[in-house]
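# Residue-level structural notes
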Amino acid sequence: LQNVRIDPSSISFSMWKDIPVPFYMSVYFFEVLNPKEVLKGAKPVLNQRGPYVYREFRYKTNITFHDNDTVSFLEYRQLFFQPHLSNGSEEEYIVVPNIMMMGAAVMMENLPNFVKLVLSGALAGLKQQAFMNRTVGEIMWGYEDPLIDTINALVPGLIPFKGKFGLFVELNNSNSGLFTVNTGMKNISQVHMVDSWNGLKKVNYWRSSECNMINGTSGEMWPPFMSPTSLEFYSPDACRSMTLVYEQSGKFKGVPTYRFVAPKTLFANGTDYPPNEGFCPCMQSGIQNVSTCRMNAPMFISHPHFYNADPVLVNAVEGLHPNKDEHALFLDVHPMTGIPMNCSIKLQLNLYIKQVSGIMQTGKIKPVVLPLLWFAESGSIEGSVLKQFYNNLVLIPSLLDYLQYIFLGLSVPLIISAAVLMAKSQRTAAEKSPLHPAAQSKPPSSSETTPLLHDAGALSQDDAEA
């Protein structure tokens, strides 16, 4: 138990501080093959591109231990492109929605018409269109766009940032917020459980107290002696706590594991699953509106290819093929220690686009939740770390179990032999006892040790002759 606590002297501390597991983030883009037709009201036709694979390094800084058995830290992520593992380069061009323009158009839908007409004119002057042809690197890590300054000039505060715009621009070389978690020094069942995030006991993104709760761990490790039920963690990327449920027991390279997966209710709407009502306004089940924590942009998260979602979402576009093997997330955890052995967390980013009156660039686009990309963060314990883990937590305990049975096997003959000897000794003692039936029924024999009896017998014989 001491080795799973967050303590500089524990074996697992270095693993917790600088995660030795090689993580990879694989990104798949959805290229729009018929952008001109979509502007006229046609169904979008998508083609999946990728994967574009990045090696992910995670490390913790600002580690501060507190008197109440908690520790605070910032965890940073660094991503490095891996050409040899990728199906394409970051210099490849892909046709995707103009995320900034289409997002702003939906956000401005309820503004006065003259404001939208002014924006439409500005967009025309900047030669902005509903779809753009950008490189993978630009979409991921950002590109200069004069539209940002134009929108902020027309509607101050609508887009609260400056500089480059990219879907992952804030992910690389950045932290996921200040986590404060329990060390488990006094109560091992609370180790890794989140005490606060950015100083908050709960967030304020959602419409119910339950949905705003920060539950579980930070998503790296869990308390030991896990039960095959469920596990929870808080995801800053999803702006919410998430619960995974037990699916099955198994082994990862010889190490026993529990597999946890996402339930169908994870992204269900409030109608299908009332506890999720706080995450609304909702649309179909299978997607979650994250606009409240993404600058009010009409962004949605889901499983890749709308796996486990309402078929209406899948049928609204062409080119999606959801299936469990490729698109379901999972987490394999060693139940005794709460340490993940193998995992693949998958999420899809979607943009809600539609025709907005007054902004001619939106054409006659029919309302649709359009997939932009999906990514999988995957990693597994391997090499020397796996060997140490296997030896300490599987091999040695197994050997002790075998030795226990061997000693038990050797002790059985000894016990039987001792029992036999004890039975024999008790039988011998019983036979020598004067109260034993055999001793009472057998007539005494004359011998040198019984002269009186012998003489008495002789006298009796003489009397008989007389």
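Keep in mind that what you see is a predicted model, and the values were worked out from it rather than measured.

### A look at the overall build of the protein
When helices and strands are counted, the protein shows 12 helices and 15 strands. Within the protein, contacts between residues separated by at least 24 positions form 64% of all contacts whose residues are at least 6 apart in sequence. Within the structure as shown, the protein displays about 24,000 Å² of accessible surface, and the carbon and sulfur contribution to it stands at 57%.

### Observations concerning the packing of helix 4 (residues 113-125) against helix 6 (residues 147-154)
Two numbers describe how helix 4 lies on helix 6: the axes approach to 11 Å, and their chain directions differ by 160 degrees. Here helix 4 lies roughly antiparallel to helix 6, going by the angle between them. Crossing of helix 4 over helix 6 shows right-handed handedness. Contact with helix 4, carried on its side by Val118, Leu119, Ala122 and Leu123, involves Leu147, Thr150, Ile151 and Leu154 of helix 6 and no other residues of that element. By residue class, the composition of the contact of helix 4 with helix 6 is 7 nonpolar, 1 polar and no charged.

### Digging into the state of the cysteines
Disulfide: a covalent bond connecting the sulfur atoms of a pair of cysteines. Applying the stated rule across the entire model yields 2 disulfides. The residue that forms a disulfide with Cys239 is Cys293, at a sulfur-sulfur distance of 2.0 Å. Across the disulfide from Cys239 to Cys293, rotation about the S-S bond amounts to roughly 85 degrees, and the bridge is consequently right-handed. Note that Cys239 is positioned in the loop between strand 8 (230-235) and strand 9 (240-252) and Cys293 in the loop between strand 11 (287-289) and strand 12 (299-302), a separation of 54 residues in sequence. Given the relative accessible area of 13%, Cys293 is considered buried. Each bonded cysteine in the protein gets a number by its place in the sequence, and the pairs come out as 1-4, 2-3.

### Let's talk about a nonpolar patch on the surface
Among the surface-exposed residues, Phe114, Val118 and Leu154 lie close enough to one another that they form a single nonpolar patch of about 280 Å² accessible area. When you line up the elements, Phe114 lands in helix 4.

### Observations concerning the pairing of strand 8
Strand direction decides the pairing type here: strand 8 and strand 9, joined by 6 bridges, are antiparallel. Within strand 9, the residue paired with Tyr234 across the bridge is Ser241.

### A few points about unusual backbone geometry
A negative phi angle is the norm for most residues apart from glycine, just as the trans form is the norm for most peptide bonds. Here the amide bond leading from Gly50 into Pro51 is cis, since omega sits at 10 degrees, within 30 degrees of zero. Counting through the fold element by element, Pro51 comes out in strand 2 (residues 46-65). With a phi angle near 65 degrees, Asn308 is a residue other than glycine that sits in the positive phi range. Assignment of secondary structure puts Asn308 in the loop between strand 12 and helix 8 (311-315).

Reading the values: the criteria
- Residues numbered from 1 in each chain as written.
- Predicted model: local features only at pLDDT ≥ 70, side-chain atom pairs only at ≥ 80, totals over all residues.
- Heavy atoms only, no water.
- Helix = DSSP H or I, 4+ residues; strand = E, 2+ residues; numbered from the N terminus.
- Contact = heavy atoms within 4.5 Å.
- Areas by Shrake-Rupley, 256 points an atom, 1.4 Å probe, with all protein chains shown as cover.
- Axes fitted to C-alpha atoms, helices over the stretch in contact; angles between N-to-C directions.
- Parallel < 35°, antiparallel > 145°, perpendicular 65-115°, else oblique.
- Left-handed = near helix turned anticlockwise from the far one by under 90°.
- Nonpolar A, V, L, I, M, F, W, Y, C, P; charged D, E, K, R; others polar.
- Disulfide = S-S within 2.5 Å.
- Buried < 20%, exposed > 50% of the residue type's maximum accessible area, 1.4 Å probe, protein only.
- Patch = residues over 30% accessible without salt bridge, like charges linked within 9 Å, V, L, I, M, F, W, Y side chains within 5 Å.
- Salt bridge = Lys/Arg side-chain N within 4 Å of Asp/Glu carboxyl O.
- Pairing = 2+ DSSP bridges.

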